[in-house]
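Chain by chain, the residues:
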Amino acid sequence: MAAERISTIYRHINGSNRIQDQTRDKHGKEISDVPKHRQEVVKWNGWGYKDSQFVRDLEQDIVSFTGTRYPLGNKKLPLFHLWAKTVLGISKEYFCKSCAEIKNEVLPTPLTNKDFLEDLKTVNISYTDDPQDRLFRSHGQTMREIFMLREGLFSRIPDLVMWPTSHDDVVQVVKMANKYNVVVIPFGGGTSVSGALECPGEERRMIVSLDTTQMNKILWVDKKNHTAHIEAGILGKDLESKLAEYGFCTGHEPDSSEFSTLGGWVATRASGMKKNIYGNIEDMLVHVRMVTSQGVVEKNCKVPRISSGPDIHHFILGSEGTLGVITEVTLKIHPLPEYKKYGSIIFPEFDAGVAYMREVAKQELKPASVRLLDNEQFIFGQALKPEAESLLTPFVDVMKKFYVTRVKGFDVTRMCVVTLLLEGKKEDVERLEKKLLLLGNKFGGLSAGEENGKRGYLLTYVIAYIRDLAFDYGVFAESFETSVPWDRVVVLCRNVRDRILKESESYGLAHQPFISYRVTQTYEVGACIYFYMGINTRGLPDPVHVYEELEAAARDEILACGGSVSHHHGIGKIRKRWLKQSVSSVGLGMMRAIKEYIDPNNVFANGNLMI
């Protein structure tokens, strides 16, 4: 775009301490940081940036990671191919590369509502029916959706993509959609792992994908009250970098923060890695505007708490695009932490690690992040170590392993690791670090150093890229999560693993499934558990069905063990079957009653939740 970028203008409003942020080109048009044609930057058929991926050199039988965006960038991973061969059963003789593209002529012809399109010409809102733009917004990141993309199997995609640039634009679009009986599906970062963005196959009305990413401005920052008013389409990484210019942060850091949007966080009741000190999204939320078929819903004030009946914010939180479009959000913000410190503790086995995590929560020690990885993920993390950059590194690693396994008596096939991130004032962080390490010793733990903690934390952003390489070799992998009371954590983890292994026996898998888990968020009364499952699908006539049956069995076991249907991924379409069991038939009826009132024409007909 040949627009001249104007520097950010700061001005005081009505003498208050609010600072307004405006960025415009020479014509006065607001400039977006996110390209409309997202497929120019990120993969159309996989996770993440186009220039970042795991690749395998078949001649040398070695894996490396491309690009410079991540610490692993342009590094060889000498142990990874052995791990993939041993744990996943990957063979270079079996290779199933994704189709290079889905040609425009094989994509579904758009359904059109002529009256809607005619009226659309009267408003200044950008839109397109370009097949590739429509395809990009037809899916999220579930295993099924990515498989369908790789195989070119999509039968229903949005008929039109629109890019509103303001709350008022959204009001206009929703009014027109109601008038002409057109479906609207809000689209943010496209990172959903619940099937929430799939177009219902039976929908015969015109479907508009309302891409909110051009609504990505911080409208104002209130330094005195520590709040910021932000458009809902901003990406997480952009939100943090822009707030940092003011000396603030939100502290909300989900695994998808590079690509997910603020509106998506609210719509799914999201949680981040640093929720211990910053809270989940519902704890950060001060105010929200949502455009519905009945009009705009919002409170009349931005206050810390209000007693005015059931909280309307809780109708919006977790609504998953079924009630309206979230356009603007006011969040609590925090001064940037003056000091950060990573750390890690190795425990001899998972039960000891869980006991440690429970005590950390009980004593309210509150590191920004504390996560427990099981032995499978511990070994996986070792497999992702890049080649040594120093001749001394292998020797040091051998000595560390000798000390841990021989002197301390740790069994490498059982040991697990806790990664830590501490933020705050330097003296507070150092004091907390001492308490956490001493507490670790009481449960048989051994400090594993800052570098391991940092690697473990930052690897979170890279792990999602592995699935694309796994697909190439017939391995289907996915993550799913739950929350559970503390006294059920160990039982639930082991029962779910055993259930998957037992159920898999009847499908004749070529290799034993890969199952691992980690405790990612802690509360006084329980914890969030994140599962990873991968199956080698060689020889399976319907691999998607097999995978989904195994995941459904895992979900049944989770609920039987007292876990929740989801901790932060939401319901979407793939977990709808468990919704009534989770909230009761009366609770489901309450959801449907709200839906029927607020959207009587079912304009927001994405098929999620109660629909």
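Everything numeric here is computed off the predicted structure, so don't read it as measured data.

### Section: the packing of helix H18 (residues 489–504) against helix H19 (residues 543–560)
(1) Moving on: At a minimum axis distance of 9 Å, the contact between H18 and H19 shows a crossing angle of 145°. Seen along the crossing, H18 lies across H19 with a hand that is right-handed. From H18, Leu 492, Asn 495, Val 496, Arg 499, Ile 500, Glu 503 and Ser 504 reach across to H19, where they touch Leu 550, Ala 553, Ala 554, Asp 556, Glu 557 and Ile 558.
(2) Moving on: For the contact of H18 with H19, a count of residues per class yields seven nonpolar, two polar and four charged.

### With respect to helix H14 (residues 426–442)
(1) Moving on: If you check H14, its first and last C-alpha atoms are 25 Å apart, about what 17 residues at 1.5 Å a residue would give, namely 24 Å.
(2) Moving on: If you check which residues of H14 are buried, you get Val 429, Leu 432, Leu 436, Leu 439 and Gly 440. Take H14 and look down its axis: the buried residues cluster within an arc of 105°, on one side only. Exposed residues pointing more than 90 degrees away from the buried face of H14 are listed as Lys 434, Leu 438 and Lys 442.
(3) Moving on: Close packing links the buried residues of H14 with strand S16 (339–347), helix H11 (350–362) and strand S18 (416–424).
(4) Moving on: In the stretch just after H14, Gly 444 is the one whose phi turns positive, near 85°.

### With respect to the pattern of salt bridges
(1) Moving on: The final tally for this structure, using the stated rule, is 30 salt bridges.
(2) Moving on: Residue Arg 289 pairs with Glu 298 through a salt bridge whose shortest N-O separation is 3.2 Å.
(3) Moving on: With its nearest N and O atoms 2.8 Å apart, the salt bridge here joins Glu 557 to Arg 499. Of the two residues, Glu 557 is situated in helix H19 and Arg 499 in helix H18; the sequence distance between them amounts to 58 residues.
(4) Moving on: The network of salt bridges with common partners includes Glu 253, Lys 274, Lys 340 and Glu 423.

### Let's talk about the side chain of Ser 369
(1) Moving on: Within the secondary structure layout, Ser 369 lies in strand S17 (residues 369–373).
(2) Moving on: A polar contact is formed between the side chain of Ser 369 and the backbone oxygen of Met 273, at a distance of 3.4 Å.
(3) Moving on: Once residues lying within four places of it in the same chain are set aside, the contact partners of Ser 369 are Met 273, Thr 419, Leu 420, Leu 421 and Tyr 457.

### Some words on the sheet that holds strand S7 (residues 183–187)
Sheet strands line up and pair through hydrogen bonds in the backbone, either parallel or antiparallel.
(1) Moving on: A sheet is described by the order of its strands in space; here four strands give the open sequence S5-S6-S8-S7, paired in mixed fashion. Of all the strands in the sheet, the pair left with one neighbour each is strand S5 (126–128) and S7. Sheet twist, expressed as the average angle between the axes of neighbouring strands with direction ignored, equals 25°.

### Focus on the sheet that holds strand S22 (residues 526–536)
(1) Moving on: The strand order S19-S16-S18-S17-S21-S22-S20 describes an open sheet built from seven strands, whose pairing is antiparallel. Lying at the two open borders of the sheet, with one neighbouring strand each, are strand S19 (446–447) and strand S20 (475–485).
(2) Moving on: Two strands pair when backbone bridges link them, and S16 and S19 are joined in this way by two bridges, in the antiparallel orientation. Opposite Ile 345, over in S19, you have Ser 447 as the bridge partner.
(3) Moving on: Contacting S17, S18, strand S21 (514–522) and S22, helix H12 (residues 375–383) crosses the sheet at an angle of about 100° to S21.
(4) Moving on: Along the sheet face, H19 touches S20 and S22 and points at about 10° away from the line of S20.

### Description of the side chain of Ser 319
(1) Moving on: Of note, Ser 319 is situated in the loop between helix H10 (313–316) and strand S14 (324–332).
(2) Moving on: Its relative accessible area of 4% is what places Ser 319 among the buried residues.
(3) Moving on: Once you skip the residues sitting within four places of it in the chain, Ser 319 turns out to touch Ala 267, Met 290 and Leu 609.

### With respect to the environment of Thr 109
(1) Moving on: If you trace the backbone, Thr 109 turns up in the loop between helix H1 (80–88) and helix H2 (114–120).
(2) Moving on: Using a relative accessible area of 68% as the deciding quantity, one classes Thr 109 as exposed.
(3) Moving on: A sequence separation of 432 residues divides Thr 109 from Pro 541, and the C-alpha atoms of the two residues are 29 Å apart.
(4) Moving on: Setting aside its immediate chain neighbours within four residues, Thr 109 contacts Arg 134 and Asp 159.

### As for the state of the cysteines
Here a disulfide denotes a covalent bond joining the sulfur atom of one cysteine to the sulfur atom of another.
(1) Moving on: In total, this model carries zero disulfides according to the counting rule given.
(2) Moving on: Not engaged in a disulfide, the cysteine Cys 96 finds its nearest cysteine sulfur in Cys 99; these two sulfurs lie 12 Å apart.
(3) Moving on: Using a relative accessible area of 26% as the deciding quantity, one classes Cys 96 as partly exposed.
(4) Moving on: Not engaged in a disulfide, the cysteine Cys 416 finds its nearest cysteine sulfur in Cys 493; these two sulfurs lie 11 Å apart.

### Quick word on the packing of H11 against H14
(1) Moving on: Interhelical geometry of H11 versus H14 gives an angle of 140° and a closest axis separation of 10 Å. In this view, H11 runs oblique relative to H14, as classed from their interaxial angle. When the axes of H11 and H14 are compared, the crossing they make is right-handed. Contact residues: H11 offers Tyr 356, Glu 359 and Val 360, while H14 offers Leu 436, Leu 439 and Gly 440.
(2) Moving on: Per-class residue counts for the contact of H11 with H14 are four nonpolar, one polar and one charged.

### A closer look at the pairing of S14
(1) Moving on: Counted residue by residue, S14 has eight buried out of nine residues, so it is predominantly covered.
(2) Moving on: Judged from the five bridges that link them, strand S10 (residues 227–231) and S14 form a sheet pairing that is antiparallel. Residue pairing in the sheet places His 229 in a bridge with Thr 330 of S14.
(3) Moving on: Pairing of strand S12 (residues 285–292) with S14 involves seven bridges; the strand directions are antiparallel. Following the sheet pairing, His 287 is matched in S14 by Thr 330.

### Thoughts on the packing of aromatic side chains
(1) Moving on: Evaluated as defined, the whole model comprises 21 aromatic pairs.
(2) Moving on: What links up through ring pairs into an aromatic cluster is the set Phe 54, Phe 65, Tyr 70, Phe 80, Trp 83, Phe 380, Tyr 465 and Phe 514.
(3) Moving on: Over the ring of Tyr 523 we find Lys 275, and its NZ or CZ is 3.7 Å from the ring centre.
(4) Moving on: Taking the ring centre of Tyr 94 as reference, the NZ or CZ of Arg 538 above it sits at 6.0 Å.

### Points about unusual backbone geometry
Most peptide bonds take the trans form, and the phi angle of most residues other than glycine is negative.
(1) Moving on: In this model, Glu 320 sits at a positive phi of 55°, which is unusual for a non-glycine residue.
(2) Moving on: Within the fold, Glu 320 resides in the loop between H10 and S14.
(3) Moving on: You will see that Ser 584, though not glycine, has its phi angle at about 80°, which is positive.
(4) Moving on: You can call Ser 584 partly exposed: its relative accessible area is 36%.

### Thoughts on the confidence of the model for the protein chain
(1) Moving on: For the protein chain, mean pLDDT is 91; residues scoring 70 or higher make up 91% of the total.
(2) Moving on: The low-confidence segment residues 22–31, where pLDDT is below 50, has 29 contacts with residues more than four positions distant or belonging to other chains.

Here is what the cut-offs are and how they apply
- Residues numbered from 1 in each chain as written.
- Predicted model: local features only at pLDDT ≥ 70, side-chain atom pairs only at ≥ 80, totals over all residues.
- Heavy atoms only, no water.
- Axes fitted to C-alpha atoms, helices over the stretch in contact; angles between N-to-C directions.
- Helix = DSSP H or I, 4+ residues; strand = E, 2+ residues; numbered from the N terminus.
- Left-handed = near helix turned anticlockwise from the far one by under 90°.
- Contact = heavy atoms within 4.5 Å.
- Nonpolar A, V, L, I, M, F, W, Y, C, P; charged D, E, K, R; others polar.
- Expected span 1.5 Å × (residues − 1).
- Buried < 20%, exposed > 50% of the residue type's maximum accessible area, 1.4 Å probe, protein only.
- Arc of directions from axis to C-beta.
- Salt bridge = Lys/Arg side-chain N within 4 Å of Asp/Glu carboxyl O.
- Polar contact = N/O pair within 3.5 Å; in protein donor to acceptor, adjacent residues only side chain to side chain.
- Pairing = 2+ DSSP bridges.
- Disulfide = S-S within 2.5 Å.
- Parallel < 35°, antiparallel > 145°, perpendicular 65-115°, else oblique.
- Phe/Tyr/Trp six-rings, centres within 6.5 Å; stacked < 30°, edge-to-face > 60°.
- Lys NZ or Arg CZ within 6 Å of the ring centre and 35° of its normal.
- pLDDT = per-residue confidence, 0-100.

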